[in-house]
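So the chains spell out like this:
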Amino acid sequence: MTDQVGSVEQAIQAEDAGADAIIAQGAEAGGHIHDSVTSLVLLPQVARAVSIPVVGSGGFASGVSLVAAMALDAQGIHCGTAFVAMQESFAHEIHKQKIVQAQPTDTIHTDAFAINWPPHSPVRVIKTGVKWCYET
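Criteria and cut-off values
- Residues numbered from 1 in each chain as written.
- Predicted model: local features only at pLDDT ≥ 70, side-chain atom pairs only at ≥ 80, totals over all residues.
- Heavy atoms only, no water.
- Pairing = 2+ DSSP bridges.
- Helix = DSSP H or I, 4+ residues; strand = E, 2+ residues; numbered from the N terminus.
- Buried < 20%, exposed > 50% of the residue type's maximum accessible area, 1.4 Å probe, protein only.
- Contact = heavy atoms within 4.5 Å.
- Core = buried A, V, L, I, M, F, W, Y, C linked by side-chain atoms within 4.5 Å.

Our focus in this paragraph is the sheet that holds strand 3 (residues 31-32). Taken in spatial order, the three strands line up as 3-7-6 in an open sheet, and their pairing is antiparallel. The outermost strands of the open sheet, each flanked by one partner alone, are strand 3 and strand 6 (107-110). Summarising the sheet, strand 6 and strand 7 (residues 123-126) pair through four bridges and their orientation is antiparallel. Residue pairing across strands places I108 opposite V125, the latter belonging to strand 7.

Right under this line is the structure:
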């Protein structure tokens, strides 16, 4: 079992619950995020706090970022958004195109997609002309 976490406390709870590995998700991640700590800060903290493998998530999508994550004591990286844009993905072609064309400053955090998540649960999305309920 692998658990995705956004804090050291969540990582310890996951390990205590029997997780075999931890995905430490920084605030740079696309989609729903668990906390506001960046990957560069979170990864080494989680790696020091648990005795099981830790995988970095949030802003990692290349061999260079894999090396950076491993320098922070991660055993690997989780590349969610990069795989959404792949040909094999079932995502809509327009969605894939928007991901590929997006620049680092083209995203926002919003709770507009907090369906089945607690209120004010941020999700990183690509900006559009629509005004969202909650933007940071």
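Once that is clear, we can look at helix 2 (residues 39-49). All of the buried residues in helix 2 are S39, L42, L43, P44, V46 and A47. Where helix 2 is buried, its residues meet strand 1 (2-5), helix 1 (8-16), strand 2 (21-25), strand 4 (54-57) and helix 3 (63-71).

A few words on the nonpolar core. Ranked by internal contacts, the top residues of the largest apolar core, which has 18 residues, are A11, I22, A24, L43, V46, V50 and V54. Put simply, the parts of the chain that give this core at least two residues each are helix 1, strand 2 and helix 2. No other element matches helix 2, which puts four residues into this core. In this structure V54 touches I22, A24, L43, V46, A47, A74, Q75 and G76, once residues within four positions along its chain are discounted.

Scope: geometric values only; no functional claims are made or implied.
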